[in-house]
Amino acid sequence: MEKGRQNKAFEKKETFPICLRTSHLDDSASLKTYLDIGGYQQIQRILREKISPEKLIEEIKISGLRGRGGAGFPTGIKWSFIQNDSPGTKYIVCNSDEGEPGTFKDREIIKNNPHQIIEGMTIAAYIMGAQVGYNYIHGEIWEEYESFENALAEAKKANFLGKSICGFNFDFELFAFHGYGAYICGEETALIESIEGKKGQPRFKPPFPATYGIYGRPTNVNNTETYASIPWIIQNGGESFANIGVENSGGTKIFSVSGHVENPGNYEIPLGMPFNELLELAGGVWKGRTLKAVIPGGPSTPVLPASEIMKTTLDYDGLKNAGSSVGAGSLIVMDDTTCMVSTLKRLSYFFYEESCGQCTPCREGTGWVYRVIKRIVEGKGKPEDMELLQDVSQKISGRTICALGDAAAVPVLSFIKYFKSEFEYFIKNGKSMVAKTHD
Amino acid sequence: MLTKKTIQKIDKELKKFPDDQKQSAIIAALQIIQTENGFLTNDLIAMAADYLDMPKIAAMEVATFYNMFELKPAGKYKISICTNISCALRDADDIVCHLKKKLKIDFNEVTKDKKFSLKESECMGACGGAPLMTVNNQKMYEYLTPQKVDQILEELDS
Amino acid sequence: MVKVWWLKLMIKIKINGKDLEVKPKTSIIEVADQVGIDIPRFCYHKKLSVAANCRMCLVEVKNFAKPLPACATQVMEGMEIFTKSKFTKDTQKSVMEFLLINHPLDCPICDQGGECDLQDTAVAYGASKTRYTEEKRVVFDKNIGPLISTDLTRCIQCTRCVRFLKEVGGMAELGLVGRGEHAEISAYVDKSVESELSGNIIDLCPVGALTSKPFRYSARSWELVRRNTVSCHDSLGSNIEVHVKDNIIKRVIPKENESINECWISDRDRFSYQGLYHKDRINNPLKKVKNQWKEIDWEEAYELIKNKINTINTKKPNQLGILCSPQTTIEEGFLLKKISKQLNTTHIDHRLLEKSFSKNNNWLGCKIEEIESHDSILVVGSNLKNDQPLLAHRFRRFAMKNNSFSIITSYDDFNSTPCLGKIIVNPSTYLNYLLEILKEVQSVTKYKINSESIKNALKQIKVSKETKKISESLTRDKSKNAIFIGHQVLAQIEGDNIKIIAMHIAKAIGATFGVIPGYANSVGLSELNLSLDEVNTDEVINQKKESFIMINFDPYFDYHSPKKITKALKSAKFNIAISPFVSDSLKEFDIVLPMTPPTETSGTYMNMEKRLQSFAAVTPPHGKSRPGWKILRVLANFLELEDFSYDSSDEIKVEAIEEINKNYSHNIKDFENSKKNKIPQGLELISPIRAIDSDMIVRRASALHQNENIDQAFAYINPKTMLKENLIDDQKIKVSSEEAEITIKIKSDEKVSLNSILIFGKQLATASLGMNHKLKIKRSS
């Protein structure tokens, strides 16, 4: 990777690297680098001082840390679901199966700061009384999978993992697990199935992984960024973390900015930063063009037109009020040359292609939606297609085992909501309203 | 038959899981076998299944579910190029056209000399470096331009 | 932390405004089914795991924004469910629309038409017009064997078939390969489905994607008359529904009976009907004239028999031998017994495969439904999956739940069944293992044994680790356990000894003791006390006779020693076969009376749990064949025997049941230590019988035997034995028993016990060897 280009953010004052705090350093991923910045101090302190899991959970609750994978569930609460002292094996799983288009933050954490993930997971294991952990890494980022294996080997050698960690009475084994090309495995129960060596088909919930996870054992699944935030929170206290962000949105968040900006890349910023400031950090819209629309959290969050996003702050409430969501923090920026119809076609193809096929509405509906949009893009649209698309999408939504069905409906409904005229034009004239199509 | 080297690698993966949960290693096992063989045959899938004490059909389900597995012969270098939204916005289509023209193949085809095959891929989770592609599922190339693609192909070809 | 648990027996919910009290942990769909509220479903099946994938059963529940799947949602206190609301209806209608967009609307040419869940539900919930104008998916069909036809374009991916084979069949033979819209049902590369319960997926498939291959296109569902009866093959007595068109059976499906076959039947029960119409079926009595069969009429046949029988000096006892199949009905058995008495013969029996004949406790010892209520189970010497396919399923389910199932047998057909103890050894060593268990159990329970011979035998026994583990699970405190011995044990010379020791173990620990009987009426005929304690089939065969009557079996295949039975028949003067079929095996007979199979007669069977099940004919007799009881009644009348004026099988049944109710007591043999010391020569021949070879009817059912080369059978040998004996895979060898020598190809099979050769019994190519004795190998080039 061309170093520096991904990480302009932290060089500026406005950013606040926590998860990406080693990215600017040489040999960023090494154990030595991590130790130099005070790594693995927290787990040792916890074990030395025998800090109670309850106290640690309390600290995490105060921090306001919410799951960074997209759902935004408060981490402290989630971690209290698993009884620390219940008998038998429990598992800690890190979800690095980053496949939501526009998302690439976990990759960078693994690449530059793997030991912080390891320490975060080890603390989580301590809190929940787990003995074994897996980091499930997106199959497409193979180099990161291998580098994480190296980090694990380093950590094991230095006794930060394995039996009697750092000489204390605490064992935790952590392994890397790679996916092999299935977006759905980012769904936590599909991921668990995948770890069991099966197709990644989501399980019906309840039971939730906290009671019935890997091999039927209690399992906690969190996103990479969530775990990577933990050592900092334990080090500096929940309140310091909460103070970085805004109300209801504690701490920093990595936003992956892609698409039509001058400097695409990861920007770890305090939650609550106005979108226009982040856009500026990313060098603004490329080629001096005008902003048309932004998908703020990956395609499973509703697209927002420029007018809406420009007045929005990047935090859970700000984006919610604007009618969208933080999601995984995957800002996909589109300039005024973007054809929304063909863009929607590509996104619909994605959901059609990635549907696991388990539930009828998603299996059948995603293909239906894709074919209708494809037909429109081929110039064979019919006036009733707009209503059909919306109706079919609404009937997929909320009727499936996992959220992929809901996600598939989101772009269709939001694209048509904000860019209706573009669809109407395409259907009527058989061609795009904007000059260039990305078909 | 699975080679000794393959089995060693699978055994290493097996250490990650409880003894009675060998099936957990199937994705890794198929990946290892595919890396050695270029693609998966029905027999190879069955061998992996037997080695992990799991039903053949369950291994088949896995091999057909995860789309980085190749069930047909691929080129010596399998190029997977992402065409999803972030790449598309940064003109991945131009790169696709360039690749197709240069290699004289379409998606899911293999060049006559069996050196290259081309596959359309979904998001690889590295969209900051769009447009991008991987070779043989392992090496990623980012910030692609037609010139850069030429250079990469040349390096691989030599 | 203090946890407070309280038990609540019932919870209150509302469905469609109606208050209900229901058990907690039940799903909405279970509750609805109990109270008769219809919720449409495709993937849900009460006997399978919940997949919740078809989404057809989505219903509105108060306080939930999204509709919930009734199959996967457990009821909770205060839950209000609406199965008829607009929201529910709209949701179900939309799911129906999705299901239909890729489903071909080819109902008129689909075999499922008229009995299709999708069709019915579409009529009730679907729209009349489609909004889908895009291309429909097409899926190529797969060949999954001779029994099940696939039309996968119609598949709605409910995965019932996949789950059935994995969960009930015990082997994941089908899967859903591919993903999303491209997912399709498939076996591993066009492999045939092998489960002996595979046909059930035809019933489970809610659409026409999996249909019966033998039935295909032969009738429309509405043309069929449905009649209930009882399967005549294994001793479970599965209840079946027979579908008849123009007096011909077109297909067979299960008739649900939770306490017997649940809602399943084995493939043997389902597809055996084809055998009824085999070319060997006879329409008229046959007389042997110059080694040719000549059709005669009944009158002539009876006259002929009368003349021949009258030449026998019945003052001398046992001049006549009567052997019948264990599928003979109670009514027929009763008449046979009555005839034998008046003809002064006690040489009558139905135990054709047995080599051990003690008559006590020859039934399951408990209800079929009670099997799974035990804490620990030991099965000895059973070829369960082939002998009793559905019973095997119950044992498997027990094993999955309890992890306390143990087995001592010679062929490891239990790899999908988690076994606490599994000892795969030759039948000749079963006794030793049981003695080990007895010794261990005795030391724990202080059970007193009076028999000197057993005491002596126990002295030499050393308890091994494996048997100790089994013993421990059988002697756990307050546990209710069971020991069952399989039919295979009775086919061994040592069978009675094994049974005695197994009964002692059961007694010592207060366990259920049972025998898993072989055939549909093995128990009934036993209870009828057909033969005296001193008499058995081998003696009937070994003592010279004037005449034999053999009913409803094939002497070459169905008796364990073809050589001996042929010799016996040859030495007799006049042999009468009463059989639905004629074949080369009947060449030593002088006359064959065409008897109807059970589907064409009324009768009663007593199954393994001593349950009497009566049935009526489901089709009229084929040609001029007659039900067995009628043949025997008229024969008795011709022979001027007394008291045979029955007008119906019911009249016979009443007397037969009186006979059964006499509860004959039997001599209980003592343990004999003598046989044990014989050192076996050669390798032990293990002769399990495949489910599809068990009787005359199934052997003739064509689909069950498709793709089979009848001239070829294999000898399965453990690879370790092969190494020791210097044999290689696929090698042709000569094997000889005391009865015959044959040439056979070897297949290596790890599931076979060491130092043995497994050759399935009742197969044309190998039957001459006889069953369950010793074999010698001669290498051939």
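All values reported here derive from a predicted model rather than from experimental measurement. (Residues numbered from 1 in each chain as written. Chains lettered and ligands numbered in written order. Predicted model: local features only at pLDDT ≥ 70, side-chain atom pairs only at ≥ 80, totals over all residues. Heavy atoms only, no water.)

## A short note on the interface of chain A and chain B
- Taken together, the contact between chain A and chain B spans 67 residues of the former and 48 residues of the latter.
- If you sort the residues of chain A by the area they bury against chain B, A:Glu140, A:Tyr180 and A:Arg346 come out on top, with a joint share of 18%.
- Where chain A touches chain B, the interface holds five salt bridges.
- A:Glu149 is the partner of B:Lys16 in a salt bridge, and the nearest nitrogen-oxygen pair spans 2.8 Å.
- At the boundary of chain A with chain B, the tally comes to 24 residue pairs in polar contact (both at pLDDT 80 or more).
- Of all the elements in the fold, those that place two or more residues in the side of chain A that touches chain B are strand 2 (132-137), helix 7 (142-157), strand 3 (173-178), helix 8 (188-195), strand 5 (252-259), strand 11 (330-335) and helix 14 (340-354) of chain A.
- When residues of the side of chain A that touches chain B are assigned to their parent elements, the largest contribution, seven residues, is made by helix 14 of chain A.
- Classifying every residue of the side of chain A that touches chain B gives 29 nonpolar, 20 polar and 18 charged. (Contact = heavy atoms within 4.5 Å. Buried area = accessible area lost by both parts, 1.4 Å probe. Salt bridge = Lys/Arg side-chain N within 4 Å of Asp/Glu carboxyl O. Polar contact = N/O pair within 3.5 Å; in protein donor to acceptor, adjacent residues only side chain to side chain. Helix = DSSP H or I, 4+ residues; strand = E, 2+ residues; numbered from the N terminus. Nonpolar A, V, L, I, M, F, W, Y, C, P; charged D, E, K, R; others polar.)

## Brief notes about the interface of chain A and chain C
- Between chain A and chain C, the contact holds 34 residues from the first and 36 residues from the second.
- Around 2,900 Å² of area is buried between chain A and chain C when both sides are counted, 51% of it from carbon and sulfur atoms.
- In terms of surface lost to chain C, no three residues of chain A exceed A:Glu364, A:Trp368 and A:Arg399, which account for 24% of the buried area on that side.
- Close ionic contact of A:Arg371 with C:Glu181 constitutes a salt bridge, the shortest N to O distance being 2.7 Å.
- Counting across the interface, chain A meets chain C through 22 residue pairs in polar contact (both at pLDDT 80 or more).
- Of all the secondary-structure elements, those providing two or more residues to the side of chain A that touches chain C are helix 14, helix 15 (360-380) and helix 16 (385-396) of chain A.
- With ten residues, helix 15 of chain A is the largest single contributor of residues to the side of chain A that touches chain C.

## A short note on the domain arrangement of chain B
- As far as domains go, chain B holds domain 1 (4-65) and domain 2 (77-157).
- For domain 1 of chain B and domain 2 of chain B, the distance between their C-alpha centres works out to 28 Å. (Domains from an automatic or database assignment.)

## Some details on the packing of aromatic side chains
- Under the criterion given, the structure shown has 36 aromatic pairs over all chains.
- With a centroid separation of 4.7 Å and an interplanar angle of 40°, the aromatic rings of A:Tyr180 and B:Phe69 are classed as tilted. Placement of A:Tyr180 in the loop between strand 3 and helix 8 and of B:Phe69 in the loop between helix 4 (56-65) and strand 1 (77-82) is noted, with the two residues assigned to different chains. Considered together, A:Tyr180 and B:Phe69 belong to a single accessibility category, that of buried residues. (Phe/Tyr/Trp six-rings, centres within 6.5 Å; stacked < 30°, edge-to-face > 60°. Buried < 20%, exposed > 50% of the residue type's maximum accessible area, 1.4 Å probe, protein only.)

## Remarks on unusual backbone geometry
- A cis amide bond links A:Lys205 to the next residue, A:Pro206, at an omega of 0°.
- A cis geometry characterises the amide bond from A:Pro206 onward to A:Pro207, with omega recorded as 5°.
- Here A:Pro207 shows up in the loop between helix 8 and strand 4 (219-223).
- Despite not being glycine, C:Asn16 has its phi angle at roughly 50°, a positive value.

## Focus: the state of the cysteines
- Under the counting rule described, the total for this entry stands at zero disulfides over all chains.
- With no disulfide of its own, B:Cys97 lies 15 Å from the sulfur of B:Cys87, the closest cysteine sulfur. (Disulfide = S-S within 2.5 Å.)

## A word on the sheet that holds strand 12 (residues 248-254) of chain C
Residue and element names in this part refer to chain C.
- If you trace the three strands from one edge of the open sheet to the other, you get 10-11-12, paired in antiparallel fashion. Looking at strand neighbours, the two that pair on one side only are strand 10 (225-230) and strand 12, the edges of this open sheet. Here the average twist between neighbouring strands, direction ignored, is 30°.
- For strand 11 (residues 239-245) and strand 12, the ladder comprises six bridges, and the chain directions are antiparallel. When the bridges of strand 12 are listed, Ile240 appears paired with Pro254. (Pairing = 2+ DSSP bridges. Axes fitted to C-alpha atoms, helices over the stretch in contact; angles between N-to-C directions.)

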